[in-house]
Amino acid sequence: MGLFSKDSLQIIVFQSYGTENKFFIRGRALEDEKINLQSRNILKLLINSWKRFESDEIKNTELTVTLPNNLKIKTITDNHGYFKIAKNIENLYKLVNSEGWLYFEISFSNSNFRRRINNSNKFKGELLIPPKTSDFGIISDIDDTILHTGVISKLKWKVLFNTFFKSPYKRKALEGTSIFYHKLHRGTTGKKSNPLFYVSHSPWNLYRYLEIFLNENKFPKGAILLRSFADIFNMQKEKPEKQREILEIFSTYPDMSFILIGDAGEHDIDIYMEITKMYPEKVKAIYLRSVKNAKKTSRIKELTKNYKDTSFLLVDNTQEAIAHAKKFNFIQ
């Protein structure tokens, strides 16, 4: 935090997940650099993108979380402004709404920064606690699964262009994906609240960008799980990190089964097959979106030609996935 900086302060709370007795949240305290994600100007988009990655964190600072029942929890940000709380609290179900969301507030414990704090030092947070009536959970990749990013492009240039020069308000979801996810969310009765977990290789710096994209394209609200910026270019760590996130979800909900959704462009198939081998009773189905790359498609088909650990479908369009989900009684 610069000595002469005039930027106000803010807290960003990442949508996370927990249980009846487990309160688990993550987020970051930052200076508000007035990033305008609605801008159409190429230069301003580039400047805004730079600001997202060159963020000024509020490090080693105490924060206070206040639950609806007025229970208060303290935490301290690390050297990068991040915070994480994992705390056992009984009967959190009493605080959630019908969709399973627990709403809370978080603030800077000491407001005497001699700097303006946004929102009168009251920032909203949301924690997903799946209803006990859920039939299954949905774990979905984002990049090239529901959002075209170009991860299979040479040197990832399409990823860079789409991220730095396109507003999240202008990014369109792959056709039919939002409808399919709502059907999965509502289940066979059309009235369920099956939980969604969006897992991406993108860094936490893009959290708000992806949150806006999901909202604008009317996807069901779910936990958003990203990764540290330090690992973004370390391709060797992609598989284990994403795998750890999914296994942590499995561990959190030992009695819940899941549908896994990804794309054929990167490591999704390897991760999902390995997880299914470890926990065959927990994976109801794997859906993989095809990509326009003959070599990668051929590899997927070779890997799965005799695959019988769970129901698997490589789809060219969302209607194929919807038809399959109806056949297996996942949706209405």
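From a predicted model like this one, the values you see are computed outputs, not experimental measurements.

What counts and what doesn't
- Residues numbered from 1 in each chain as written.
- Predicted model: local features only at pLDDT ≥ 70, side-chain atom pairs only at ≥ 80, totals over all residues.
- Heavy atoms only, no water.
- Buried < 20%, exposed > 50% of the residue type's maximum accessible area, 1.4 Å probe, protein only.
- Helix = DSSP H or I, 4+ residues; strand = E, 2+ residues; numbered from the N terminus.
- Pairing = 2+ DSSP bridges.
- Salt bridge = Lys/Arg side-chain N within 4 Å of Asp/Glu carboxyl O.
- Arc of directions from axis to C-beta.
- Polar contact = N/O pair within 3.5 Å; in protein donor to acceptor, adjacent residues only side chain to side chain.
- Axes fitted to C-alpha atoms, helices over the stretch in contact; angles between N-to-C directions.
- Contact = heavy atoms within 4.5 Å.

Regarding the pairing of strand β5 (residues 72-76)
A one-sided burial pattern is seen for β5, the buried positions being Ile73 and Thr75 and the unburied ones Lys72, Lys74 and Ile76. Here strand β4 (residues 62-66) pairs with β5 via five bridges, running antiparallel. Each bridged residue has a counterpart across the sheet, and for Leu63 the counterpart in β5 is Thr75.

Quick look at the pattern of salt bridges
Counted under the stated rule, the structure contains 14 salt bridges. Note that Arg115 and Glu31 form a salt bridge whose closest N and O atoms lie 3.5 Å from each other. Of this pair, Arg115 sits in the loop between β7 (101-108) and β8 (123-128) while Glu31 sits in strand β3 (residues 22-31), and the two are 84 residues apart along the sequence. Across this residue pair, the class does not change: Arg115 and Glu31 are buried. Among the salt bridges present, the one from Glu105 reaches Lys124, with a minimum N-O distance of 3.1 Å. Residue Glu105 is located in strand β7, and its partner Lys124 is located in strand β8; the two are separated by 19 residues in the primary sequence. On the accessibility criterion, Lys124 (62% relative accessible area) is exposed. Here the salt bridges do not stand alone but share partners, grouping Asp141, Lys242 and Asp268 into one network.

Side note on helix α8 (residues 318-327)
Listed as buried for α8 are Thr318, Ala321, Ile322, His324 and Ala325. Looking straight down α8, one finds that the buried residues subtend no more than 165° of arc, so they occupy a single side. For α8, exposure combined with an orientation more than 90 degrees from the buried face picks out Gln319 and Lys327. Sitting at the head of α8, Asn317 places a side-chain oxygen 3.1 Å from the backbone nitrogen of Gln319.

Focus: the sheet that holds strand β14 (residues 311-315)
Here we have six strands laid out as an open sheet, ordered β11-β10-β9-β12-β13-β14, and parallel in their pairing. What marks the edges here is a single partner per strand, and that holds for β11 (223-227) and β14. Each strand axis lies, on average, 15° off the axis of its neighbour in the sheet, ignoring direction. Of the pairings in the sheet, the one linking strand β9 (residues 137-141) to strand β10 (residues 196-203) comprises four bridges and is parallel in character. Considered in β10, the bridge of Ile138 is made with Leu196. The strands that helix α4 (residues 207-216) touches are β10 and β11; relative to β11, the one it contacts most, it runs at about 145°. Packed onto the sheet, helix α7 (residues 294-304) meets β13 (283-289) and β14 and runs at close to 165° relative to β14.

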